[in-house]
Amino acid sequence: MSQNHQHLESVVEKLIHEHFEQEENLEKIVWIKSDKPEIRLIEVNSQTITTGDVQSFYFPPSDEIPYALKLAEVTPDEWQRVLRSEIPLPVGWSLENHQVFSRDLVTV
Amino acid sequence: MTDLRAWQLAFLKQARADWEAYQRIDDPTWPSCHRLHFLQMAAEKLGKALLVAGDMSLERITHTHAAFVKFMRVARNNHNLQKGLGMTYSQLKAHFNRLLSIANEIEVLAPTLAQDGPNPEYPWLDKSGHILVPIDYSFPLMKLLQSPQGAQLLRYIRYFLVEFEKLFFE
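What counts and how
Residues numbered from 1 in each chain as written. Chains lettered and ligands numbered in written order. Predicted model: local features only at pLDDT ≥ 70, side-chain atom pairs only at ≥ 80, totals over all residues. Helix = DSSP H or I, 4+ residues; strand = E, 2+ residues; numbered from the N terminus. Buried ≥ 20, exposed ≤ 12 C-beta atoms within 10 Å, placed from the backbone. Contact = placed C-beta atoms within 7 Å. Expected span 1.5 Å × (residues − 1). Pairing = 2+ DSSP bridges. Axes fitted to C-alpha atoms, helices over the stretch in contact; angles between N-to-C directions. Bend = angle between axes of the 7 residues up to and from the residue. Left-handed = near helix turned anticlockwise from the far one by under 90°. Nonpolar A, V, L, I, M, F, W, Y, C, P; charged D, E, K, R; others polar.

A. Quick look at the overall build of chain A. When helices and strands are counted, chain A shows 3 helices and 5 strands. In chain A, the succession of helices and strands from N to C terminus is α-β-β-β-β-α-β-α. Its C-alpha atoms give chain A principal-axis dimensions of about 35 × 30 × 25 Å. Taking all 108 residues of chain A together, 30% fall into the buried category. Expressed as a percentage of contacts within chain A between residues at least 6 apart in sequence, the contacts between residues at least 24 apart total 60%.

B. View of helix 2 (residues 32–51) of chain B. The terminal C-alpha atoms of helix 2 of chain B, which comprises 20 residues, lie 28 Å apart, in line with the 28 Å expected from a rise of 1.5 Å per residue. Judged by how many residues are buried, helix 2 of chain B sits mostly within the fold: 17 of 20 residues are covered.

C. Quick peek at the sheet that holds strand 5 (residues 98–102) of chain A. Residue and element names in this part refer to chain A. Within the open sheet, the 5 strands sit side by side as 3-4-2-1-5. Their pairing is mixed. In this open sheet, the two strands that pair with only one neighbour each are strand 3 (56–59) and strand 5. The mean angle between the axes of side-by-side strands here comes to 20°, regardless of whether they run parallel or antiparallel. Across 5 bridges, the pairing between strand 1 (residues 26–32) and strand 5 is antiparallel. Along strand 5, the bridge assignment pairs Lys-28 with Ser-102. Contacting strand 1, strand 2 (38–45) and strand 5, helix 1 (residues 3–22) crosses the sheet at an angle of about 160° to strand 1. Along the sheet, helix 2 (residues 76–83) makes contact with strand 1, strand 2 and strand 4 (68–74), crossing strand 4 at roughly 105°.

D. Region of the structure containing the interface of chain A and chain B. Opposite the 21 residues of chain A that make contact, chain B presents 19 residues. Every element with two or more residues in the side of chain A that touches chain B is listed here: helix 1, strand 2, strand 3 and strand 4 of chain A. Per-element accounting of the side of chain A that touches chain B gives the leading share, 4 residues, to strand 4 of chain A.

E. Expanded view of unusual backbone geometry. Unlike most non-glycine residues, Ser85(A) shows phi in positive territory, near 60°. With respect to the helices and strands, the residue Ser85(A) is situated in the loop between helix 2 and strand 5. Residue classification places Ser85(A) among the exposed positions, given that 9 C-beta atoms sit within 10 Å. Backbone geometry at Asp116(B) places phi at a positive 55°, although glycine is not the residue there. By the C-beta count within 10 Å, which is 11 here, Asp116(B) ends up exposed.

F. Expanded view of helix 6 (residues 89–107) of chain B. Taken as a whole, helix 6 of chain B carries its principal kink of about 40° at Leu99(B). Looking at helix 6 of chain B, one finds that the buried residues are Ala103(B), Ile106(B) and Glu107(B).

G. Structural context of the packing of helix 1 (residues 3–24) of chain B against helix 8 (residues 148–168) of chain B. Residues and elements named next belong to chain B. Between helix 1 and helix 8, the shortest axis-to-axis distance is 11 Å and the interhelical angle comes to 145°. Relative to helix 8, the crossing made by helix 1 is left-handed. In this structure, helix 1 contributes Leu-12, Ala-15, Arg-16 and Trp-19 to the contact, and helix 8 contributes Arg-158, Leu-161 and Phe-164. Within the contact of helix 1 with helix 8, the residues separate by chemical class into 5 nonpolar, no polar and 2 charged.

H. Expanded view of the pairing of strand 1 of chain A. All names here are of chain A. Bridge count between strand 1 and strand 2: 6 bridges; the pairing is antiparallel. Looking at strand 2, one finds that Ile-32 is bridged to Arg-40. Between the end of strand 1 and the start of strand 2, which pair antiparallel, lie 5 residues.

I. Looking closely at the environment of Asp104(A). Relative to the elements of secondary structure, Asp104(A) occurs in helix 3 (residues 103–107). Once the C-alpha coordinates of Asp104(A) and Leu8(A) are considered, the two residues, 96 residues apart in sequence, prove to be 22 Å apart.

The following block contains the structure:
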């Protein structure tokens, strides 16, 4: 594993930990891994609105998160539909290489 | 179509265009101020699209920049939204209350509400007398928007823009 990837991974883990602490309704966070130097996350939130799609919001790199961040939020039901390929992911995103972080495992 | 409805649709159309611009600026070399400017404008016009049907005069609405937080407060009374979320009024109120502080931060980006402070359009003087320029400034709001609540608020803004007619006209 390259140093760059290790750094990106540590930034992702820190971010995920923070988000679980900030939002009690987050059930899980899915890290969609990419060859690009950017972080793609899908947050599964039981208290958000159903829109039937996965819309990611872009945030430019910052001092704290030195990678572009693309953040999407879905309901648990929408996430199940994503897994069944009933709802497409944003263009260029794939579930081929993803990692699911559950609240129980991250916040213990 | 009534004049009021025409004004609502006009504000909505421009809000949708501003939102589109906000979404399309995904080049990391672009400074945050431009993205925040479009976000503030989209949120303000979304607010005005609803408020223009209320008891505020059209003149007051066209001249104020304080519309988005009012919109959020009014939207939580919306039965279609309550039904869509499966929440009661109190639940939706509590839910939206958690997002109001970020909504307020978006609203006060408007230079006239920024009270000679940080805004995405014009330079300002900081407390020590230095001139600060929007393109050089690190807006704390960017971090707030990256939080789960921030992402949730952005999702709501998009939802309101897409479903406005269904939520507020029916």
